[in-house]
Amino acid sequence: MSSERARRGLLLVVSSPSGAGKTSLSRRLVADNPSLDLSISVTTRAPRPGEAHGREYDFVDRAVFDSMVDENAFMEWAEVHEHRYGTPGVPVVLAVSAGQDVLFDIDWQGAAAIAAAAPEEVVRVFILPPSMADLARRLHARAQDAEDVIERRLKRAYGEIEHWTEYDYVIVNEDFDAAYAELAHIYRAERLKRVRNPGLAPFVAGLLAERL
Ligand code: 5GP
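About the thresholds
- Residue positions are given per chain, counted from 1 along the sequence in the order it is written.
- For a predicted model such as this one, the threshold for reporting local features is a pLDDT of at least 70, and the threshold for listing and counting side-chain atom pairs is 80 or more; totals across whole chains, interfaces and linings nevertheless cover every residue.
- By convention in this description, side-chain values take in all heavy atoms of the structure and omit both hydrogens and water.
- Two strands pair if DSSP finds at least two bridges between them.
- Secondary structure elements are taken from DSSP: a helix is a run of H or I of four residues or more, a strand is a run of E of two residues or more, and numbering for both begins at the N terminus.
- Any residue with a heavy atom positioned within 4 Å of a molecule or strand is treated as near that molecule or strand.
- Distance and chemistry together define a polar contact, namely a pair of N or O atoms within 3.5 Å, with one atom able to donate a hydrogen and the other to accept it when in protein, and with adjacent residues in sequence counting only for side-chain atoms on both sides.
- Only the protein chains shown count as cover for residues, with accessible areas throughout obtained via the Shrake-Rupley method and a probe of 1.4 Å.
- By definition, no residue in a patch forms a salt bridge, and every one has over 30% relative accessible area; like charges are joined within 9 Å, nonpolar side chains (Val, Leu, Ile, Met, Phe, Trp, Tyr) within 5 Å.
- Whenever a carboxyl oxygen of Asp or Glu lies within 4 Å of a side-chain nitrogen of Lys or Arg, that contact is scored as a salt bridge.
- The criterion for an aromatic pair is that two Phe, Tyr or Trp rings (for Trp, the six-membered ring) have centres within 6.5 Å, with stacked assigned to planes under 30 degrees apart, edge-to-face to planes over 60 apart and tilted to the rest.
- Burial classification: accessible surface area is computed with a 1.4 Å probe over protein chains only, and a residue below 20% of its type maximum counts as buried, one above 50% as exposed, and the rest as partly exposed.

Sheet topology note: the strand 5 (residues 74–80)/strand 6 (residues 83–88) ladder contains six bridges and is antiparallel. Bridge pairing links Val80 to His83 in strand 6. Hairpin connection of strand 5 to strand 6: two residues between the antiparallel strands, including His81 at a positive phi of 50°.

Shown next as structure tokens:
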């Protein structure tokens, strides 16, 4: 389909318990698709080794976060693992008005808030681990968090997974490449939906007016 034809952007929300692979899957999808921007959240948690301000998150202290809440800077925000995480609204509005799609790597609370705010535009994908034992292994292998933090994340994973029925698509991440192919297919198919392509109506009118 011609890229000049008008289309309506979509908001792709990807959630999973910590360690199920959503961040790697999401980042690869954004890297492979120039039409898709990543929403960078703001958080009060400390950066993990290897994380950079403005790349994984905007890392701020609690006072800055709370002043952003007071200024209505967030589309949604939530408390997760005793830290606060929020999605800034302005970059999303700018991206969508420039015809871009936006990917959100956020938890079920954020997914529900974005679905309530933009029900027509939202597409929700949930990533499951193949087993809880595998999730525990991945969290330990990541070796970025202290043991008690890993234990808390594992406990919370059960509660996160309970929300799986609030999602449009579910991927079991047993093999990264296979899970990535499924995510990429979902994104491509959703972009092709008729309702997301208002430019099709004049195109079809032109086809029907073309008399041979
Ligand atoms: P982590 O500390 O492992 O990076 O993230 C912890 C959890 O917070 C993950 O489930 C992640 O998806 C979620 N999260 C990250 N940013 C946001 C956000 O802006 N809003 C919400 N609601 N959750 C977020």
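Still more to cover.
What follows deals with the site of the ligand. The immediate surroundings of the ligand are formed by 18 residues, with Ser41, Arg45, Tyr57, Glu76 and Tyr85 found nearest. Interatomic distance of 3.2 Å between a backbone N/O atom of Gly86 and an oxygen atom of the ligand. Within the side chain of Thr87, one N or O atom sits 3.2 Å away from an oxygen atom of the ligand. Coverage of the ligand by the protein amounts to 96% of the 520 Å² it exposes when considered alone.

A few words now on the environment of Ala179. Examined against the element boundaries, Ala179 turns out to sit in helix 7 (residues 176–191). For Ala179 and Leu25, which are 154 residues apart along the polypeptide, the C-alpha to C-alpha distance reads 7.8 Å.

Okay, a nonpolar patch on the surface next. On the surface, a nonpolar cluster with roughly 350 Å² of combined accessible area is contributed by Phe203, Val204, Leu207 and Leu208. Relative to the elements of secondary structure, Leu207 occurs in helix 8 (residues 200–209).

All chains considered together, the criterion is met by five aromatic pairs. Between Phe65 and Trp77, the aromatic rings sit 5.8 Å apart at their centres with planes inclined by 75°, giving edge-to-face as the arrangement. With Phe65 in helix 2 (residues 62–70) and Trp77 in strand 5, this pair connects stretches of sequence that are twelve residues apart. Classification of Trp77 as partly exposed rests on a relative accessible area of 36%. Three or more aromatic residues joined by ring pairs form one cluster here, namely Tyr57, Phe59 and Tyr85.

At His81, a residue that is not glycine, the phi angle is positive and equals roughly 50°. Tracing the sequence through the fold places His81 in the loop between strand 5 and strand 6. Backbone geometry places Glu82, a non-glycine residue, at a positive phi of 65°. Residue position: Glu82 is located in the loop between strand 5 and strand 6.

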